Amino acid sequence: VTSAIAPVRWEHDRLVLLDQRLLPAQELERVYGRWEDVADAIRTLAVRGAPAIGVAAAFGVVLAARTSTAMTFGALAADLDVAFKGLAGTRPTAVNLFWALDRMRRALESLTDRPLDEVRARLLKEAQAILDEDVAANRALGEHGAALVPGRARILTHCNAGALATAGYGTALGVVRSAHTQGKVAWLWVDETRPVMQGSRLTAWECVRDGIPHRLIADVAAASLMARGEVDLVVTGADRIAANGDTANKIGTYALAVLARHHGVPFYIAAPYSTIDPTLPSGAHIPIEERDPGEVRRVGDRPTAPEGSPVYNPAFDVTPATLISAIITERGVVRPPYRFSEGG
Ligand code: MRU
(Lines give C-alpha, C1' and ligand atoms only; values in the text may rest on other atoms or scores of the structure.)
Protein backbone atom coordinates (compact mmCIF):
# COMPACT_ATOMS: atom_id res chain seq x y z
CA VAL A 1 0.00 0.00 0.00
CA THR A 2 1.41 3.36 -0.92
CA SER A 3 0.07 6.42 0.79
CA ALA A 4 -0.60 9.69 -0.93
CA ILE A 5 -1.40 11.41 2.36
CA ALA A 6 0.83 14.50 2.49
CA PRO A 7 0.22 16.46 5.70
CA VAL A 8 2.99 19.00 5.03
CA ARG A 9 3.87 20.32 1.58
CA TRP A 10 5.33 23.34 -0.14
CA GLU A 11 3.32 24.83 -2.97
CA HIS A 12 3.58 28.17 -4.79
CA ASP A 13 5.91 29.71 -2.20
CA ARG A 14 3.62 28.80 0.66
CA LEU A 15 3.41 26.00 3.22
CA VAL A 16 0.28 23.87 3.01
CA LEU A 17 -0.84 21.88 6.06
CA LEU A 18 -3.73 19.45 6.28
CA ASP A 19 -5.50 20.65 9.43
CA GLN A 20 -5.43 17.57 11.65
CA ARG A 21 -7.62 19.20 14.29
CA LEU A 22 -10.59 18.81 11.95
CA LEU A 23 -10.09 15.16 10.97
CA PRO A 24 -11.93 12.90 10.44
CA ALA A 25 -14.96 15.18 10.00
CA GLN A 26 -13.35 17.53 7.52
CA GLU A 27 -10.35 17.42 5.18
CA LEU A 28 -9.20 21.01 5.04
CA GLU A 29 -5.84 22.31 3.88
CA ARG A 30 -4.59 25.63 5.18
CA VAL A 31 -2.02 27.83 3.50
CA TYR A 32 0.72 29.45 5.60
CA GLY A 33 2.85 32.46 4.67
CA ARG A 34 4.21 33.50 8.09
CA TRP A 35 6.40 31.52 10.49
CA GLU A 36 4.37 32.76 13.46
CA ASP A 37 1.28 31.02 12.07
CA VAL A 38 3.27 27.82 11.52
CA ALA A 39 4.37 27.97 15.17
CA ASP A 40 0.75 28.35 16.16
CA ALA A 41 -0.23 25.37 13.95
CA ILE A 42 2.36 23.21 15.73
CA ARG A 43 1.27 24.37 19.19
CA THR A 44 -2.43 23.75 18.53
CA LEU A 45 -1.91 20.36 16.80
CA ALA A 46 -3.00 21.38 13.30
CA VAL A 47 0.25 19.59 12.46
CA ARG A 48 1.53 17.01 14.96
CA GLY A 49 3.65 13.88 15.18
CA ALA A 50 7.38 14.17 15.76
CA PRO A 51 8.74 14.11 12.17
CA ALA A 52 5.87 16.23 10.78
CA ILE A 53 6.53 18.90 13.40
CA GLY A 54 10.19 19.01 12.37
CA VAL A 55 9.36 19.33 8.67
CA ALA A 56 6.77 22.05 9.31
CA ALA A 57 9.24 24.00 11.47
CA ALA A 58 11.90 23.78 8.75
CA PHE A 59 9.48 25.36 6.28
CA GLY A 60 8.61 27.90 8.98
CA VAL A 61 12.25 29.03 8.80
CA VAL A 62 11.94 29.25 5.01
CA LEU A 63 8.91 31.51 5.42
CA ALA A 64 10.75 33.64 7.97
CA ALA A 65 13.59 34.15 5.47
CA ARG A 66 11.12 35.09 2.74
CA THR A 67 9.11 37.55 4.79
CA SER A 68 12.17 39.23 6.30
CA THR A 69 12.86 42.67 4.85
CA ALA A 70 16.54 42.46 5.85
CA MET A 71 19.05 43.84 3.34
CA THR A 72 22.18 42.23 4.81
CA PHE A 73 23.08 38.72 5.87
CA GLY A 74 23.52 39.86 9.47
CA ALA A 75 20.07 41.42 9.59
CA LEU A 76 18.51 38.31 8.04
CA ALA A 77 20.30 36.07 10.55
CA ALA A 78 18.95 38.26 13.37
CA ASP A 79 15.39 37.95 12.04
CA LEU A 80 15.80 34.19 11.65
CA ASP A 81 17.10 33.91 15.18
CA VAL A 82 13.72 35.15 16.41
CA ALA A 83 11.98 32.56 14.22
CA PHE A 84 14.28 29.74 15.37
CA LYS A 85 13.48 30.58 18.99
CA GLY A 86 9.76 30.96 18.36
CA LEU A 87 9.49 27.67 16.49
CA ALA A 88 11.62 25.83 19.07
CA GLY A 89 9.31 27.07 21.84
CA THR A 90 6.20 25.37 20.48
CA ARG A 91 6.46 21.80 21.80
CA PRO A 92 9.23 20.41 24.03
CA THR A 93 9.22 16.61 23.71
CA ALA A 94 9.69 15.61 20.07
CA VAL A 95 13.40 15.98 19.33
CA ASN A 96 12.76 16.03 15.58
CA LEU A 97 11.72 19.66 16.00
CA PHE A 98 15.12 20.68 17.37
CA TRP A 99 16.94 18.35 14.99
CA ALA A 100 15.26 19.99 11.97
CA LEU A 101 15.86 23.52 13.29
CA ASP A 102 19.54 22.66 13.90
CA ARG A 103 19.85 21.50 10.32
CA MET A 104 18.33 24.74 9.08
CA ARG A 105 20.64 26.77 11.32
CA ARG A 106 23.69 24.91 10.04
CA ALA A 107 22.56 25.51 6.46
CA LEU A 108 22.21 29.21 7.26
CA GLU A 109 25.63 29.42 8.91
CA SER A 110 27.28 27.72 5.93
CA LEU A 111 26.04 30.65 3.80
CA THR A 112 27.42 33.51 5.88
CA ASP A 113 27.63 36.70 3.79
CA ARG A 114 26.28 35.08 0.65
CA PRO A 115 23.65 37.01 -1.38
CA LEU A 116 20.24 36.85 0.31
CA ASP A 117 18.49 35.30 -2.70
CA GLU A 118 20.97 32.45 -2.58
CA VAL A 119 20.41 32.04 1.19
CA ARG A 120 16.64 31.90 0.74
CA ALA A 121 16.89 29.37 -2.09
CA ARG A 122 19.31 27.20 -0.12
CA LEU A 123 17.06 27.19 2.98
CA LEU A 124 14.13 26.04 0.85
CA LYS A 125 16.29 23.25 -0.55
CA GLU A 126 17.27 22.14 2.94
CA ALA A 127 13.64 22.04 4.16
CA GLN A 128 12.62 20.07 1.08
CA ALA A 129 15.51 17.64 1.71
CA ILE A 130 14.34 17.12 5.31
CA LEU A 131 10.87 16.30 3.95
CA ASP A 132 12.10 13.95 1.21
CA GLU A 133 14.54 12.16 3.51
CA ASP A 134 11.78 11.56 6.05
CA VAL A 135 9.57 9.82 3.50
CA ALA A 136 12.54 7.70 2.35
CA ALA A 137 13.42 6.80 5.97
CA ASN A 138 9.85 5.73 6.66
CA ARG A 139 9.71 3.51 3.61
CA ALA A 140 13.01 1.90 4.60
CA LEU A 141 12.03 1.35 8.23
CA GLY A 142 8.66 0.05 7.09
CA GLU A 143 10.42 -2.68 5.13
CA HIS A 144 12.74 -3.54 8.04
CA GLY A 145 9.81 -3.67 10.42
CA ALA A 146 7.62 -5.76 8.16
CA ALA A 147 10.21 -8.55 8.39
CA LEU A 148 9.38 -8.81 12.13
CA VAL A 149 5.65 -9.29 11.49
CA PRO A 150 4.37 -12.86 11.40
CA GLY A 151 1.65 -13.94 8.99
CA ARG A 152 -1.99 -13.18 9.88
CA ALA A 153 -0.76 -10.72 12.49
CA ARG A 154 -3.00 -8.81 14.81
CA ILE A 155 -0.98 -5.69 15.50
CA LEU A 156 -1.80 -3.09 18.14
CA THR A 157 -0.80 0.56 17.83
CA HIS A 158 -1.29 3.71 19.88
CA CYS A 159 -1.72 7.34 18.84
CA ASN A 160 -0.95 8.18 15.22
CA ALA A 161 2.50 7.40 13.88
CA GLY A 162 1.22 7.34 10.33
CA ALA A 163 1.57 9.40 7.19
CA LEU A 164 -0.10 12.27 9.04
CA ALA A 165 2.59 12.28 11.74
CA THR A 166 5.46 12.38 9.27
CA ALA A 167 6.26 13.75 5.83
CA GLY A 168 4.41 10.70 4.50
CA TYR A 169 3.97 6.88 4.85
CA GLY A 170 4.50 6.81 8.62
CA THR A 171 6.74 5.04 11.13
CA ALA A 172 4.70 2.54 13.18
CA LEU A 173 1.98 2.74 10.54
CA GLY A 174 4.70 2.51 7.89
CA VAL A 175 5.59 -0.92 9.33
CA VAL A 176 1.90 -1.85 9.19
CA ARG A 177 1.59 -0.53 5.60
CA SER A 178 4.61 -2.55 4.46
CA ALA A 179 3.43 -5.70 6.28
CA HIS A 180 -0.05 -5.25 4.82
CA THR A 181 1.43 -4.97 1.31
CA GLN A 182 3.08 -8.33 2.00
CA GLY A 183 -0.30 -9.80 3.00
CA LYS A 184 0.72 -10.33 6.62
CA VAL A 185 -1.78 -8.16 8.49
CA ALA A 186 -5.00 -9.78 9.75
CA TRP A 187 -5.97 -6.46 11.27
CA LEU A 188 -4.66 -3.52 13.26
CA TRP A 189 -6.03 -2.82 16.73
CA VAL A 190 -6.24 0.97 16.87
CA ASP A 191 -6.17 2.48 20.37
CA GLU A 192 -8.42 5.53 20.35
CA THR A 193 -5.77 7.38 22.41
CA ARG A 194 -7.30 9.70 24.95
CA PRO A 195 -7.27 12.59 25.49
CA VAL A 196 -6.87 14.00 21.98
CA MET A 197 -7.95 10.86 20.10
CA GLN A 198 -5.13 10.67 17.56
CA GLY A 199 -5.87 6.94 17.21
CA SER A 200 -9.56 7.14 16.40
CA ARG A 201 -9.45 10.48 14.57
CA LEU A 202 -6.24 10.01 12.58
CA THR A 203 -4.97 6.40 12.52
CA ALA A 204 -8.43 4.99 11.83
CA TRP A 205 -8.89 7.67 9.14
CA GLU A 206 -5.65 6.58 7.44
CA CYS A 207 -6.71 2.92 7.66
CA VAL A 208 -10.07 3.65 6.06
CA ARG A 209 -8.42 5.70 3.33
CA ASP A 210 -5.79 3.10 2.50
CA GLY A 211 -7.89 -0.02 3.04
CA ILE A 212 -5.91 -1.33 6.01
CA PRO A 213 -8.07 -3.78 7.99
CA HIS A 214 -8.50 -2.45 11.51
CA ARG A 215 -10.62 -2.46 14.64
CA LEU A 216 -10.88 0.55 16.85
CA ILE A 217 -10.71 -0.06 20.60
CA ALA A 218 -10.97 2.06 23.71
CA ASP A 219 -7.49 2.32 25.26
CA VAL A 220 -8.69 0.38 28.28
CA ALA A 221 -9.46 -2.70 26.14
CA ALA A 222 -5.82 -3.52 25.34
CA ALA A 223 -5.16 -5.51 28.54
CA SER A 224 -7.99 -7.99 28.08
CA LEU A 225 -7.18 -8.42 24.38
CA MET A 226 -3.62 -9.38 25.29
CA ALA A 227 -4.85 -11.69 28.04
CA ARG A 228 -6.99 -13.50 25.47
CA GLY A 229 -4.02 -13.87 23.11
CA GLU A 230 -5.50 -11.54 20.51
CA VAL A 231 -2.48 -9.28 20.05
CA ASP A 232 0.60 -10.65 18.23
CA LEU A 233 2.74 -7.55 18.53
CA VAL A 234 2.60 -3.88 19.52
CA VAL A 235 4.29 -1.20 17.45
CA THR A 236 4.27 2.52 18.23
CA GLY A 237 6.20 5.59 17.15
CA ALA A 238 8.46 7.75 19.31
CA ASP A 239 8.93 11.41 20.10
CA ARG A 240 12.41 11.08 21.54
CA ILE A 241 14.72 8.12 22.15
CA ALA A 242 17.55 8.57 24.67
CA ALA A 243 21.03 7.06 24.21
CA ASN A 244 20.08 4.01 26.30
CA GLY A 245 16.89 3.34 24.30
CA ASP A 246 14.40 4.78 26.81
CA THR A 247 11.60 6.17 24.62
CA ALA A 248 9.13 9.00 25.05
CA ASN A 249 5.89 8.58 23.13
CA LYS A 250 2.21 9.48 23.49
CA ILE A 251 0.84 9.04 27.01
CA GLY A 252 -0.35 5.46 27.40
CA THR A 253 2.54 3.89 25.49
CA TYR A 254 4.29 2.88 28.71
CA ALA A 255 1.15 1.12 29.93
CA LEU A 256 1.06 -0.91 26.71
CA ALA A 257 4.74 -1.85 27.09
CA VAL A 258 4.12 -3.11 30.65
CA LEU A 259 1.09 -5.08 29.45
CA ALA A 260 3.04 -6.51 26.51
CA ARG A 261 5.84 -7.71 28.80
CA HIS A 262 3.34 -9.29 31.20
CA HIS A 263 1.62 -11.16 28.37
CA GLY A 264 4.77 -12.10 26.42
CA VAL A 265 3.84 -9.91 23.43
CA PRO A 266 6.71 -8.27 21.45
CA PHE A 267 6.76 -4.48 21.87
CA TYR A 268 8.45 -2.50 19.08
CA ILE A 269 9.26 1.17 18.60
CA ALA A 270 9.50 2.42 15.00
CA ALA A 271 11.33 5.70 14.44
CA PRO A 272 13.85 7.39 12.17
CA TYR A 273 17.29 8.39 13.46
CA SER A 274 16.06 12.00 13.63
CA THR A 275 14.04 10.89 16.69
CA ILE A 276 17.12 9.65 18.56
CA ASP A 277 18.68 12.09 21.00
CA PRO A 278 22.08 10.61 21.89
CA THR A 279 22.89 13.64 24.06
CA LEU A 280 20.49 12.37 26.74
CA PRO A 281 21.81 9.37 28.69
CA SER A 282 18.35 8.16 29.71
CA GLY A 283 14.65 8.88 29.48
CA ALA A 284 14.71 10.66 32.84
CA HIS A 285 16.16 13.67 30.98
CA ILE A 286 13.44 13.90 28.32
CA PRO A 287 11.22 16.98 28.82
CA ILE A 288 7.58 15.91 28.99
CA GLU A 289 5.02 18.38 27.69
CA GLU A 290 1.99 19.14 29.82
CA ARG A 291 -1.00 20.36 27.86
CA ASP A 292 -4.22 22.26 28.42
CA PRO A 293 -6.51 20.74 31.09
CA GLY A 294 -9.40 21.26 28.68
CA GLU A 295 -8.15 18.29 26.63
CA VAL A 296 -9.00 15.99 29.55
CA ARG A 297 -12.19 17.73 30.66
CA ARG A 298 -13.72 17.42 27.21
CA VAL A 299 -13.95 15.08 24.27
CA GLY A 300 -13.70 17.51 21.40
CA ASP A 301 -16.09 20.31 22.36
CA ARG A 302 -18.26 18.18 24.61
CA PRO A 303 -17.65 18.49 28.37
CA THR A 304 -17.04 15.13 30.08
CA ALA A 305 -15.99 16.51 33.47
CA PRO A 306 -16.86 19.48 35.67
CA GLU A 307 -15.05 22.63 34.51
CA GLY A 308 -13.83 23.00 38.12
CA SER A 309 -11.98 19.66 38.26
CA PRO A 310 -8.21 20.07 38.47
CA VAL A 311 -6.42 18.05 35.80
CA TYR A 312 -3.01 16.50 35.21
CA ASN A 313 -2.41 16.20 31.47
CA PRO A 314 1.06 14.95 30.48
CA ALA A 315 1.12 14.45 26.70
CA PHE A 316 3.86 11.80 26.77
CA ASP A 317 5.33 9.07 28.92
CA VAL A 318 8.67 7.27 28.90
CA THR A 319 8.94 3.56 28.22
CA PRO A 320 12.12 2.11 29.69
CA ALA A 321 14.41 0.40 27.20
CA THR A 322 14.11 -2.88 29.10
CA LEU A 323 10.51 -3.19 27.89
CA ILE A 324 11.33 -2.56 24.22
CA SER A 325 11.93 -5.73 22.16
CA ALA A 326 13.56 -3.79 19.30
CA ILE A 327 13.77 -0.31 17.79
CA ILE A 328 12.99 -0.28 14.07
CA THR A 329 14.94 2.40 12.17
CA GLU A 330 15.70 3.19 8.54
CA ARG A 331 19.15 1.65 9.04
CA GLY A 332 17.76 -1.63 10.32
CA VAL A 333 16.37 -3.24 13.47
CA VAL A 334 18.29 -2.41 16.65
CA ARG A 335 18.10 -4.89 19.54
CA PRO A 336 18.97 -4.33 23.20
CA PRO A 337 21.20 -3.32 24.82
CA TYR A 338 20.71 0.03 23.06
CA ARG A 339 23.66 2.37 22.90
CA PHE A 340 23.02 5.25 20.56
CA SER A 341 25.89 7.65 20.12
CA GLU A 342 26.36 10.97 18.35
CA GLY A 343 26.99 10.41 14.66
CA GLY A 344 24.94 7.18 14.77
O1 MRU B 1 0.92 14.89 20.55
P2 MRU B 1 1.23 14.28 19.22
O3 MRU B 1 0.01 13.90 18.45
O4 MRU B 1 2.21 15.12 18.41
O5 MRU B 1 1.99 12.93 19.60
C6 MRU B 1 2.45 12.10 18.57
C7 MRU B 1 3.05 10.81 19.02
O8 MRU B 1 3.16 10.54 20.20
C9 MRU B 1 3.60 9.93 17.94
O10 MRU B 1 3.52 8.58 18.31
C11 MRU B 1 5.07 10.29 17.70
O12 MRU B 1 5.22 11.66 17.48
C13 MRU B 1 5.64 9.54 16.56
S14 MRU B 1 5.01 10.10 15.03
C15 MRU B 1 5.75 9.22 13.77
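Look a little higher up for the structure.
Scope of this entry: the structure provided in the associated data block. This is a predicted model, so every value here is computed, not measured.

## A look at the sheet that holds strand 3 (residues 29–32)
Adjacent strands of a sheet pair through backbone hydrogen bonds, lying either parallel or antiparallel.
Then, number 1: Pairing is antiparallel across the open sheet formed by three strands, whose spatial order is 1-2-3. Every other strand in the sheet has two partners, leaving strand 1 (8–11) and strand 3 as the edge strands with one partner each. When strand polarity is set aside, the average angle formed by the axes of neighbouring strands in this sheet is 30°.
Then, number 2: Sheet topology note: the strand 2 (residues 14–18)/strand 3 ladder contains four bridges and is antiparallel.

## A closer look at the packing of aromatic side chains
Then, number 1: On inspection of all chains with the given rule, the structure shows four aromatic pairs.
Then, number 2: Ring geometry for tryptophan 10 against phenylalanine 59: centres 5.4 Å apart, planes inclined by 15°, an arrangement best described as stacked. Of the two residues, tryptophan 10 is situated in strand 1 and phenylalanine 59 in helix 2 (residues 50–67); the sequence distance between them amounts to 49 residues.
Then, number 3: Summarising the aromatic geometry, the rings of tryptophan 187 and tryptophan 189 are spaced 5.6 Å apart at their centres and angled 90° between planes, so their arrangement reads as edge-to-face.
Then, number 4: On the accessibility criterion, tryptophan 187 (18% relative accessible area) is buried.
Then, number 5: Here the aromatic residues Tyr273, Tyr338 and Phe340 are joined through ring pairs into a cluster of three or more.
Then, number 6: In this structure, arginine 105 is placed above the aromatic ring of phenylalanine 84, and the distance from its NZ or CZ to the ring centre is 4.3 Å.
Then, number 7: Note that arginine 215 overlies the ring of tryptophan 187, its terminal NZ or CZ placed 3.8 Å from the centroid.

## A short note on the site of the ligand
Then, number 1: In the region of the ligand, 17 residues are neighbours, and Ala50, Arg91, Asp239, Asn249 and Lys250 sit closest.
Then, number 2: One of the side-chain N or O atoms of aspartate 239 is found 2.8 Å from an oxygen atom in the ligand.
Then, number 3: Between the ligand and the protein, one listed contact pairs an oxygen atom with a side-chain N or O atom of lysine 250 at 2.7 Å.
Then, number 4: In isolation the ligand offers 410 Å² of accessible surface; the protein chains occlude 99% of this area.
Then, number 5: Within the residue set of the shell around the ligand, elements represented by two or more residues are helix 2 and strand 9 (247–250).
Then, number 6: Looking at the shell around the ligand residue by residue, the class counts come to seven nonpolar, six polar and four charged.

## Side note on the sheet that holds strand 9
Then, number 1: The four strands are arranged 11-8-9-14 in an open sheet whose pairing can be described as mixed. Two strands in the sheet have a free side with no partner beyond their single neighbour: strand 11 (276–277) and strand 14 (316–319).
Then, number 2: Of the pairings in the sheet, the one linking strand 8 (residues 240–242) to strand 9 comprises two bridges and is antiparallel in character. Opposite isoleucine 241, over in strand 9, you have threonine 247 as the bridge partner.

## Focus: the pairing of strand 2
Then, number 1: The element strand 2 is largely enclosed, with a buried count of four among its five residues.
Then, number 2: Where strand 1 meets strand 2, four bridges bridge the pair, whose relative direction is antiparallel. Counted as the bridge partner of arginine 9 is valine 16 from strand 2.
Then, number 3: In textbook terms, the turn of a hairpin is the stretch between consecutive antiparallel strands, and for strand 1 and strand 2 this stretch comprises two residues, one of which, histidine 12, has a positive phi near 50°.

## Considerations on the nonpolar core
Then, number 1: One finds Val8, Leu15, Phe59, Leu80, Met104 and Leu123 to be the most contacted residues of the largest nonpolar core, which totals 46 residues.
Then, number 2: Looking at this core, the elements with two or more residues in it are strand 1, strand 2, helix 1 (35–43), helix 2, helix 3 (73–88), helix 4 (95–109) and helix 5 (116–146).
Then, number 3: Leaving out residues up to four positions away in the same chain, leucine 80 has contacts with Val61, Ala64, Ala65, Leu108 and Leu123.
Then, number 4: In terms of nonpolar packing, the next biggest core, distinct from the first, is built from 26 residues, Trp187, Leu225, Val234 and Phe340 among them.

## Structural notes on the pattern of salt bridges
Then, number 1: Across all of its chains, the model carries 25 salt bridges by this definition.
Then, number 2: Residue aspartate 81 pairs with arginine 105 through a salt bridge whose shortest N-O separation is 3.2 Å. One end of the pair, aspartate 81, is in helix 3; the other, arginine 105, is in helix 4, and 24 residues separate them in sequence.
Then, number 3: The exposure class of aspartate 81 is partly exposed, given its relative accessible area of 25%.
Then, number 4: A relative accessible area of 28% places arginine 105 in the partly exposed class.
Then, number 5: Each member of the salt-bridge network shares a partner with another, and the members are Arg91, Glu289, Arg291 and Glu295.

How each quantity is defined
- Residues numbered from 1 in each chain as written.
- Predicted model: local features only at pLDDT ≥ 70, side-chain atom pairs only at ≥ 80, totals over all residues.
- Heavy atoms only, no water.
- Pairing = 2+ DSSP bridges.
- Helix = DSSP H or I, 4+ residues; strand = E, 2+ residues; numbered from the N terminus.
- Axes fitted to C-alpha atoms, helices over the stretch in contact; angles between N-to-C directions.
- Phe/Tyr/Trp six-rings, centres within 6.5 Å; stacked < 30°, edge-to-face > 60°.
- Buried < 20%, exposed > 50% of the residue type's maximum accessible area, 1.4 Å probe, protein only.
- Lys NZ or Arg CZ within 6 Å of the ring centre and 35° of its normal.
- Near = heavy atom within 4 Å.
- Polar contact = N/O pair within 3.5 Å; in protein donor to acceptor, adjacent residues only side chain to side chain.
- Areas by Shrake-Rupley, 256 points an atom, 1.4 Å probe, with all protein chains shown as cover.
- Nonpolar A, V, L, I, M, F, W, Y, C, P; charged D, E, K, R; others polar.
- Core = buried A, V, L, I, M, F, W, Y, C linked by side-chain atoms within 4.5 Å.
- Contact = heavy atoms within 4.5 Å.
- Salt bridge = Lys/Arg side-chain N within 4 Å of Asp/Glu carboxyl O.

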